2 protein chains.
Amino acid sequence: MPVVREKRENSLWLTEEQTEGLRLSLKVDDVVFRRRSEYQEILIVDTPEYGRVLVLDGAVQITERDEFCYSEMMAHVPLCAHPCPRRVLIAGGGDGAILREVLKHPEVERCVLLDIDREVVEASKLYMPWASARLEDPRADVKNVDAMEFIRRTDERFDAAIIDSTDPVDFAAGFFQAPFYSDVKGVLNEGGIVATLTESPFCDGALMRQAVSEMRSVFRNARVYWGAVPTYPSGMWTYCAASDSADPSVPLRTVHDARYYTEAVHRAAFVLPKFLAECFA
Amino acid sequence: MPVVREKRENSLWLTEEQTEGLRLSLKVDDVVFRRRSEYQEILIVDTPEYGRVLVLDGAVQITERDEFCYSEMMAHVPLCAHPCPRRVLIAGGGDGAILREVLKHPEVERCVLLDIDREVVEASKLYMPWASARLEDPRADVKNVDAMEFIRRTDERFDAAIIDSTDPVDFAAGFFQAPFYSDVKGVLNEGGIVATLTESPFCDGALMRQAVSEMRSVFRNARVYWGAVPTYPSGMWTYCAASDSADPSVPLRTVHDARYYTEAVHRAAFVLPKFLAECFA
């Protein structure tokens, strides 16, 4: 008798080790791009669950379906809390998704984006138009340089800065520390506001508390806010927005064409669940 | 030469297929309990990431570390929106976590908990004291009966009802439909409030919209709210609270000893990200 083997689909999965004991796996339809750049392992895959996904060194950076949750809260909270943000700085964010949100503000005349890895920018232009569409906008100035060094040396001043770094390993660790926050403060105009990611209270609680504490040591008003980002560890994501004179929790303007952000969402994001507020007490 | 094999740790993982293309995996230290009851496969494991975890038919129900996010928002939103909730009904919730939250309200004189599966209740008493601690409280009346049938037949009336069903497969599908919501309305006192889970907009959008639409067809004020629950699909979880006369989005009282809930969190939870609000427009 011939053995009849049931036909099964080939099954390819992207698995991120979010922590030592936690993994998120996305089924993969296609591997779109895979390359080791000078700085990191770049991987772009198509998934049925979250659309196209950018992965750097094994960590999901953005997905087509949920990146708006992150990109909008990183961009619109600092920009809407500023009365007229003309010049904006983005450290990291080479995929262009946050830049796309920044340029939705008609007040913005110039946005400097600093991503050390030119290959991330190029791959995004080729394969992720929904993220990269505005990378060649005349108001955008994309520089493939070391963001920390640039910020230390530049004479340019900004109304808002957005720190969209990768996770704090290797060359990105400094993005979560006071000396860097202090340099960022140095390039802000009077009334300037900075926003940064501060990870998840469930998966990176110690790092979150540390980053916020360092922000507080540098800025007079450093305020934590939070939102959902399904493909980031635990899905509960925190941010910190800070300024020496502005109150980042109060929106002064709004933005059109948003999918996550509203002025009410801006205010509500600063209302922290009790356990989260207690992390910073 | 003898072959020297590096000693490696045995690695055991619990993997939930949250959707066809999405899996969440938790490293497992110990399998605490595993048994097929009359109704479902019951599994309790210890994990380094989320502590002790209850799994029913392959779906994570509650974890020691994050269940407060869910239990508190299911219990305190309807109870705090009521001026004096004396009698409370819980459909499902045999682990006891929501009951524990309900009994934090000194106004509550009696809480009837309906879970068809006695073995879930017993396993929780034995292995999850942090959830089950109040199952034998004199104010609690735990009945191992079919919740739908009980609600259809009972003469008792309640000030608040909480529907903590498993996912809408098999015998639990009816928990997400208008005929059941209508029966629940029938056991509510004047001013009574019901809260139910309505799944994730990212992983179960169609079901979420359908459940809310059925709630709206039955109650005059059916309001969606949301919160973080890291171990539920996408981590972004929605709920619907409804009443014919009360406004569930307005807290009238507060509760002590909460870890997620505050009155401000109650209000903020009804501020929906734009894409979520548009699901119900």
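Residues numbered from 1 in each chain as written. Chains lettered and ligands numbered in written order. Predicted model: local features only at pLDDT ≥ 70, side-chain atom pairs only at ≥ 80, totals over all residues.

Glancing now at the overall build of chain A. From N to C terminus, chain A includes nine helices and 13 strands. Taking 2.2 N^0.38 as the reference for a compact globule, 281 residues should give roughly 19 Å; the C-alpha atoms of chain A span a radius of gyration of 19 Å, in line with that estimate. Summarising its shape, the C-alpha atoms of chain A cover approximately 80 × 45 × 35 Å along the three principal directions. Across the 281 residues in chain A, those meeting the buried criterion constitute 53%. (Helix = DSSP H or I, 4+ residues; strand = E, 2+ residues; numbered from the N terminus. Rg over C-alpha atoms; globule rule 2.2 N^0.38 Å. Buried ≥ 20, exposed ≤ 12 C-beta atoms within 10 Å, placed from the backbone.)

Facing 31 residues of chain B, the contacting portion of chain A comprises 31 residues. Contributing elements (two or more residues each) for the side of chain B that touches chain A: β2 (22-28), α8 (263-269) and α9 (274-278) of chain B. Sort the elements by how many residues they give to the side of chain B that touches chain A and β2 of chain B lands first, with six residues. Relative to β2 of chain B, strand β2 (residues 22-28) of chain A is paired through five bridges, and the arrangement is antiparallel. Bridge pairing links Leu-26 of chain A to Leu-22 of chain B in β2 of chain B. (Contact = placed C-beta atoms within 7 Å. Pairing = 2+ DSSP bridges.)

Next up on the list: the packing of helix α6 (residues 178-186) of chain A against helix α7 (residues 205-218) of chain A. Residue and element names in this part refer to chain A. Where α6 meets α7, the axes come as close as 9 Å, and the angle between the chain directions of the two elements is 45°. Compared by their axis directions, α6 and α7 come out oblique. Seen along the crossing, α6 lies across α7 with a hand that is right-handed. Facing α6, whose interface residues are Ala-178, Tyr-181, Ser-182 and Lys-185, α7 presents Glu-214, Met-215, Ser-217 and Val-218. A breakdown of the residues in the contact of α6 with α7 according to their chemical character gives four nonpolar, two polar and two charged. (Axes fitted to C-alpha atoms, helices over the stretch in contact; angles between N-to-C directions. Parallel < 35°, antiparallel > 145°, perpendicular 65-115°, else oblique. Left-handed = near helix turned anticlockwise from the far one by under 90°. Nonpolar A, V, L, I, M, F, W, Y, C, P; charged D, E, K, R; others polar.)

Turning our eyes to something else, we now look at the relation of the copies chain B and chain A. Between the two copies, chain B and chain A, the superposition gives an RMSD of 0.1 Å; the rotation angle is 180° and the shift along the axis is 0.0 Å. On the angle and the small slide along the axis, the relation comes out as a two-fold axis. In this assembly, 100% of the residues forming the interface of chain B have copies in chain A that are likewise at the interface, indicating an isologous arrangement. (Least-squares fit on C-alpha atoms with pLDDT ≥ 70 in both.)

This part takes up the domain arrangement of chain A. Residue and element names in this part refer to chain A. With domains assigned, chain A is organised as domain 1 (12-63) and domain 2 (67-278). Measuring from the centre of the C-alpha atoms in domain 1 to the corresponding centre in domain 2 gives 22 Å. With 21 residues of domain 1 at the contact, the number on the domain 2 side is 16 residues. When residues in the side of domain 1 that touches domain 2 are grouped by element, the largest group, five residues, is from strand β6 (residues 59-63). A class-by-class count of the residues in the side of domain 1 that touches domain 2 yields 13 nonpolar, six polar and two charged. (Domains from an automatic or database assignment.)

Taken in spatial order, the four strands of this open sheet run β1(A)-β2(A)-β2(B)-β1(B), and their pairing is antiparallel. Of all strands in the sheet, those bounded by a partner on one side alone are β1 (12-19) of chain A together with β1 (12-19) of chain B. Each adjacent strand pair in this sheet contributes to an overall mean axis angle of 25°, direction not counted.

Turning next to unusual backbone geometry. You will see that Asp-257 of chain A, though not glycine, has its phi angle at about 65°, which is positive. Here Asp-257 of chain A is to be found in the loop between β13 (236-243) and α8 (263-269). With 9 C-beta atoms counted inside 10 Å, the residue Asp-257 of chain A sits in the exposed group. For Asp-57 of chain B, which is not glycine, the phi dihedral falls at a positive 50°. Along the chain, Asp-57 of chain B falls in the loop between β5 (51-56) and β6 (59-63).

With that settled, consider the nonpolar core. Counting residues in hydrophobic clusters, the biggest one holds 190 residues, and the most contacted among them are Ile-90 and Ala-161 of chain A together with Ile-90 and Ala-161 of chain B. Contacts of Ala-161 of chain B, omitting those with residues within four sequence positions, involve Leu-89, Val-184, Val-187, Leu-188 and Val-194 of chain B. (Core = buried A, V, L, I, M, F, W, Y, C linked by C-beta atoms within 7 Å.)

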